[in-house]
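Results of the structural survey
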Amino acid sequence: MNKKIKNYFIVICSIILVGLILSSVNSSNSSNWLIFTPKSIGSYEKAFSETLFTFSDKNVFFNDQAGNIYSIDKNTGKIIWSKKIQDYSPFATTLTDENNIAINSFDSNLYLFNSLNGNEVWRYTNPNNTYPDTPAITDMNDENIFFGDRYGMLYAINKLDGLKKWENQQKQADLDKVYPDSNPIHFGRLFQDENILYVRSSTESKLISINKSNGDINWETEINYSHKNLIIRNEVIIANDDENIYAINKNNGQILWEKSFSLLPKEDEINNDYLFLVSGSQKLEKVSLLTGEILWSIETEGEIKPETISNEKFGFLLHHIRGYKNNLIVFDKISGKILWELVLSTDTVTLNLIDDYLFVGSSNGELYKIDYIQKYIAKQAFISGKIVGIFKSENNYIIASISEGNHALISKLSENFEDIWTYKTPYKVAEKSIFFNDDRIFFTDEGRQLVGSIDVKINKVFDQNSFIFNSLPNKNKEEISDMIIFFNNILPQFLKEKNYNSKTTFISRVKNLFNNYVVVKKKDFEIEYKYDQSIIEITVQRKLKNLGIPLDENIQLSAIITSPSNKKYDINGFNYEKNTWKVRFRPDEIGTWSYKLNIRTPSIFNKINFKDKFNIDQISNIQYIQIDESKPSMLGLEGGSEFYPLGLEDVILDRNFDNNPLNQFPKATSKQPPKTKEDIAYTGFEDYFKEYSDAGFNLFRWGVGNASFTLWKEQSNYKEIDLLASKYGDNLVKELRDQNYHIMMTVFGFHPPFAFSIGDPKNKAVVKNYLDSVIPRYASYIDIWEITNEAEVSDEWLEFVINYIKQIDPYHHPISTNWDKPQMQDLNLLSYHWYGSENISETALTTETIINNLKQFNKPLIFSEIGNINYSWDENSADRMRIKLWTSFFNQAYLVFWNQPGNIYQNAQNANIYLGPAERNFTKAFSDISKSFEKELEPFNMESQSPQIATFGLRNENMAYIYINKLDASKTENEIVTPFIAKNVQWLDPSSGAYLQKQPIESNKIVLPSFNLDIIGEIEL
């Protein structure tokens, strides 16, 4: 090779090599990735830490509840290293300097790891051999790392050698005392500022200032403990508890001033001279940081929301006005002068200042780009779901939102709000796990096991198949099995387990069919007929012993049932147990009925028919819920009678582990729930349902797979029906009907099969097989089909299931789903979930607002799960329940309370509700009073002379009914003005149903009597 050719060759190779390198770099920097961890990342308890990720320049660090710590390349998702410590750590990792991270573990060790290679630098073992109670905290200038433990000891550990520098004993907690679940912290919280540590002590209710270098206490001041933040400025510390907000002198701990409870501002909303406080919920005050002097105040018409933000010159606040409006106010920060106000008909949840624009995101996906200097909306767009984050990447905007089914949607918009792409996760995502860092979105699935990241610089549409999947090999078979089930439930096909045994399975089934099912004769079957005044049940039983694979899978039973008036009903049968099939039907006519049974078998002569007649002398006592086309937003019963459901739901699981989920229901016999499980009394389901039926409940929601037994054996594909569980379902629905309950049944659980891949005929066959078992089995008992529970599915999947249910349901029951898709015409009613423990002064208007926002769809509205947040019971939950019940009634919406009759239950999102004696008295009064109302009622509005009451009305030509709720119990009520002349009004107590007094009027002005919280009036027109 001559020199010239050689040089050309070297140049060409160099270009190719550089191209490959650049391509590799570009590919790495533009990749989307997923990582699966064997256990959830982050803390079991939010009170420890809500932080999931720790970011460095190149990597992201997180730890899971199996004790694994991960270092991940942010751009590629490559697992740089992982380490397993002896126990779980509830705290995120801490960057101690450029090369190291620290983590405090429940194995009583503080670890320091090299962040580059994962090598352990040192570990400090807690001499008390107890749990840490704080994360490791430090800053880059500190020589030490600090933490507190469960025995109240505060430690300073040298960064270089891991030796203890000093310790300081705080007051020790009584570890034998049972702490509420809401506060598992025994030490308190640590904060830092330059050379000072601050301990917010939970044992002494003090704020303590400690010198970082030697551990000496500078000062202590008494302040109620609360798991809340501190905001530290040059001279002042701002702190709050549940009742007050404090300004504390940094130098000596003296409380400079305190005010009654106010929202603590965001840290960047406090400078060194002043802060903004929301006072009395309708007033924004600018307060001097040193003196507490009010420099100016802005009073609003509605309640100020906590999303108040500002920049150097302007402040922005939102106030919520009755009617679901949120007005945006822009004000001058120096003078407090309102510069302009903008009406937004949206529930705003996210505000962000980017460049010279204010971005507003709402809970229903409305996005605004507002030029607050020129005073106009520059751009407006609609993003599906609740907007939880608004970010900027280069010249584009990144919008993170959560769909109603808790799936994440990441949208990339141009500066003009042109849609560049939107990615939707095929699985539920934990809302508070979404972070934005270095032009990447980071998030986890709802269970916090699947960690994902998206490069938002990508300018083309992508899907789940573009994700790089990274996972460490795992030798634990149980964890691998869990991973496979997880994948089969939520991930696309390319990440799912492959079945290599399909050929063997096929051959096995062919052999069994040939050996056992060649001949099936008519004489092999016996037919039995039964009618219990509710449903007709025809049982088909095969007498011959069935060997090998059950014949049940290969028999199809159907019937044509003809009424005395010659109406024909096509009814599918179902497999009841081995060698036994049934047909169920509800007769609605008196006279002679006939049926023809069709049995399709796998044999050559595959059709067998049976015919017979039977006489009905009493129609079924089952009446179905229907929707009157003339009143599409209301529910009624067959024949046109009105029906107002009062709904109940409860856990239906095998609590005593005897394989029967129906024989042990907790009783609710005391004013408040028992504190421990040992104090719970139990009863059978018959007595349980009677107690609540006596209290007026007339609808039960059976949420299959939702804190209830399932009807399938394989969670991931629904292929095999659980016949034993299905029999428990039979017992449940029969008992409910015997006790005059109507039934709303959720057909699928949280993870419907093939929710985004129903186009495959094999997948359709699986879904059909399940529906062929469930719908014919329970349709005679059920009033409403609710297809899914808190599940996101494609429109194509939903349309397929709706159409198939309509095809095989002979009664054409109303159909809903949750999460709801109100725009779909084939869904007959709306099924929403609402959990809230708002102040009872807000309950009526909040309820009205939520209902009014959903009335636009002109369909019946059922809150198919309703209850409290945080705790299943509090001092106000019974009154709050009553107000919601009556406000919903007067706004023509329906409630299903999720009962929590056992010990008190805590959940920050859905704590259910304790329906004890007080609550049942309220529902009994509600049932009795509402049944006495006349029919054909329509809502009407009233004028009130008092802003401290909420008024609601229903009327027909003869009577009117009003519900009055006092928003402020300390205020004296006045009078209302009706749009008609009233003859007289009879007042009732909604808490007891008792009649109070009768008042003649002959006017359109009604003077309200004295009452405590709410009152009902029956008005004769």
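Preceding block: the structure.
My aim in this report is to walk through the structure given alongside it, one point at a time. (Residues numbered from 1 in each chain as written. Predicted model: local features only at pLDDT ≥ 70, side-chain atom pairs only at ≥ 80, totals over all residues. Heavy atoms only, no water.)

**Quick word on the pattern of salt bridges**
This is how it is decided: The salt bridge criterion pairs a side-chain nitrogen of Lys or Arg with a carboxyl oxygen of Asp or Glu, the two atoms within 4 Å. Each helix corresponds to a stretch of at least 4 residues labelled H or I by DSSP, and each strand to a stretch of at least 2 residues labelled E; elements are numbered beginning at the N terminus. Each residue's exposure class comes from its accessible area (1.4 Å probe, protein chains only) as a fraction of the maximum for that residue type: buried when under 20%, exposed when over 50%, partly exposed otherwise.
One pass over the full model with this rule turns up 40 salt bridges. Linking glutamate 638 and arginine 586 is a salt bridge whose minimum nitrogen-to-oxygen distance equals 2.6 Å. Of this pair, glutamate 638 sits in the loop between strand S50 (635-637) and strand S51 (646-649) while arginine 586 sits in the loop between strand S46 (580-585) and strand S47 (591-600), and the two are 52 residues apart along the sequence. Across the pair, arginine 586 and glutamate 638 agree in class, each one buried. Between arginine 920 and glutamate 691 there is a salt bridge, with its nearest N and O atoms 3.3 Å apart. In this pair, arginine 920 sits in helix H10 (residues 917-932) while glutamate 691 sits in helix H4 (residues 685-694), placing the two residues 229 residues apart along the sequence. Owing to a relative accessible area of 10%, arginine 920 belongs among the buried residues under this scheme. A single salt-bridge network, built from bridges that share partners, covers Lys530, Glu537, Lys582, Arg584, Asp730 and Arg777.

**Digging into unusual backbone geometry**
For the peptide bond that leads from asparagine 818 to tryptophan 819, omega is 10°, which places it in the cis range. With respect to the secondary-structure elements, tryptophan 819 resides in the loop between strand S57 (815-816) and strand S58 (830-835). One non-glycine residue with positive phi stands out, namely glutamate 790, at about 50°.

**Observations regarding the sheet that holds strand S12 (residues 164-169)**
To keep it simple, the criterion reads: Strand pairing requires that DSSP identify at least two bridges connecting the strands. Think of each axis as a best-fit line through the C-alpha atoms, taken over the contacting stretch in the case of a helix, with angles from 0 to 180 degrees between the N-to-C directions.
Within the open sheet, the three strands sit side by side as S10-S11-S12. Their pairing is antiparallel. Where the open sheet ends on each side, the last strands, each with one partner, are strand S10 (144-148) and S12. The sheet shows a mean angle of 15° between the axes of neighbouring strands, taken without regard to direction.

**Things to note about the nonpolar core**
The condition is simple: Buried Ala, Val, Leu, Ile, Met, Phe, Trp, Tyr and Cys residues that are joined via side-chain atoms within 4.5 Å together make up what is termed a nonpolar core. Residue contacts are defined here by distance: any two heavy atoms, one from each residue, within 4.5 Å place the two residues in contact.
With 132 residues, the main nonpolar core has Trp702, Leu711, Leu771, Trp785 and Phe897 as its most contacted residues. A per-element tally of this core places helix H7 (residues 795-808) first, with eight residues. Not counting the four nearest positions on each side in its chain, tryptophan 785 is found in contact with Met745, Val747, Ile775, Tyr778, Ala779, Ile805, Asp809, His813, Pro814, Ile815 and Ser816. Counting residues in each nonpolar core, the second largest holds 21 residues, with Phe391, Phe443, Val456 and Phe462 among its members.

**Details of the packing of helix H9 (residues 877-890) against H10**
Helix-helix packing is characterised by the crossing angle of the two axes and by the distance between the axes. To be explicit about the condition: The cut-offs work like this: below 35 degrees is roughly parallel, past 145 is roughly antiparallel, 65 to 115 is roughly perpendicular, and the gaps in between are oblique. Crossing handedness is read from the near helix: turned anticlockwise from the far helix by less than a right angle, it gives a left-handed crossing, and turned clockwise, a right-handed one. Any residue outside Ala, Val, Leu, Ile, Met, Phe, Trp, Tyr, Cys, Pro, Asp, Glu, Lys and Arg is labelled polar, Gly included; the first ten of those are nonpolar and the last four are charged.
Packing of H9 against H10 brings their axes to within 9 Å, and their N-to-C directions diverge by 20°. Taken as axis vectors, H9 and H10 run roughly parallel relative to one another. H9 and H10 meet at a crossing whose hand is right-handed. Counting all contacts with H9, which are made through Ser877, Ala878, Asp879, Met881, Arg882, Leu885, Trp886 and Phe889, the residues of H10 involved are Glu919, Phe922, Thr923, Ala925, Phe926, Ile929 and Ser930. In terms of residue class, the contact of H9 with H10 is made up of nine nonpolar, three polar and three charged.

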